[in-house]
Amino acid sequence: QLQLVESGGGSVHAGGTLRLSCAASGLTLDYYAIAWFRRAPGKEREGIVCTSARHSSEGGTIYADSVKGRFTISRDNTGTTVFLQINNLKPEDTAVYFCAATHWPVCPEAIDSHYDYWGQGTQVTVSS
């Protein structure tokens with residue numbers, strides 16, 4: 001079974017930058033659509049971005065309006081890790097961030113049940 005491990009979270013001041021990582025154990029991530037979700041205090045888990053499988057002829061990358069322009073998802077060249085670059089962090093970005101994978105090569109709707117594998121989450125805290 002695919003194992004996902006997030007890292008890179010931490011406590012930063014508003015305006016700062018973080019790069020989160022989602023690393024797979026034992027399998028390449030190239031054939032999965034990969035998403036990042038976040039759960040802010042007192043809120044439901046929110047899908048913020050998904051990128052389709054590498055070389056997929058359909059689909060692409062989709063960002064939620066709340067993060068578009070500040071967050072960037074990417075894959076490393078080896079296919080083992082997916083990154084989430086976060087620029088100009090805001091206090092409202094404070095949340096636990098999760099990566100998730102689906103066997104579907106094209107990004108599905110950002111619903112928890114559409115994803116087969118989840119990491120444990122990494123905490124991001126942004127102070128004003």
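What you are looking at is a predicted structure, and each value in this text was computed from that prediction instead of being measured.

Conventions and cut-offs
Sequence order as written defines the numbering, with residues in each chain counted from 1. Under the rules for a predicted model, residues below a pLDDT of 70 receive no local features and side-chain atom pairs below 80 are neither given nor counted, while totals for whole chains, interfaces and linings still include all residues. In computing side-chain properties, one takes all heavy atoms of the structure into account and sets aside hydrogens as well as water. Disulfides are defined in this document as cysteine sulfur pairs within 2.5 Å. Elements are defined by DSSP. Helices are runs of H or I of four residues or more, strands are runs of E of two residues or more, and each kind is numbered from the N terminus. Only protein chains enter the calculation, and the probe is 1.4 Å; a residue is then buried if its accessible area is under 20% of its type maximum, exposed if over 50%, and partly exposed in between. In this description, a nonpolar core means a group of buried Ala, Val, Leu, Ile, Met, Phe, Trp, Tyr and Cys residues linked to one another through side-chain atoms lying within 4.5 Å. We call two residues contacting when some pair of their heavy atoms lies within 4.5 Å.

Q: Looking at this structure, how should I read the state of the cysteines?
A: Here, the word disulfide means a covalent bond between the sulfur atoms of two cysteines. Summed over all chains, the structure comprises two disulfides. Each sulfur of the disulfide joining Cys-22 and Cys-99 lies 2.1 Å from the other. An S-S torsion of about 70° defines the bridge between Cys-22 and Cys-99 as right-handed. In this pair, Cys-22 is assigned in strand E3 (residues 18-25) and Cys-99 in strand E9 (residues 95-102), connecting sequence segments 77 residues apart. Across this residue pair, the class does not change: Cys-22 and Cys-99 are buried. Disulfide partner of Cys-50: Cys-107, at an S-S distance of 2.0 Å. When the S-S torsion is -95°, as for the bridge of Cys-50 with Cys-107, the disulfide is left-handed. Of the two residues, Cys-50 is situated in strand E5 (residues 46-51) and Cys-107 in the loop between E9 and strand E10 (117-118); the sequence distance between them amounts to 57 residues.

Q: What should I look at first to understand the environment of Pro-41 in this one?
A: Within the secondary structure, Pro-41 is located in the loop between strand E4 (33-39) and E5. Looking at Pro-41, the relative accessible area reads 65%, which means it is exposed. For the pair formed by Pro-41 and Thr-78, sequence separation is 37 residues and the distance between their alpha carbons is 35 Å.

Q: Got a minute to help me understand the nonpolar core in this structure?
A: Generally speaking, soluble globular proteins have nonpolar side chains that are buried together. One finds Leu-2, Leu-4, Trp-36, Ile-48, Leu-84 and Tyr-97 to be the most contacted residues of the largest nonpolar core, which totals 29 residues. Counting only elements with at least two residues in this core, the list comes to E3, E4, E5, strand E7 (71-75), strand E8 (81-86), E9 and strand E11 (122-127). Apart from the residues within four sequence positions on either side, Leu-84 is in contact with Leu-18, Arg-19, Leu-20, Trp-36, Ile-48, Val-49, Phe-71, Thr-72, Ile-73 and Tyr-97. Membership of the second largest hydrophobic core comes to seven residues, among which are Ala-33, Ala-100, Cys-107 and Tyr-115.

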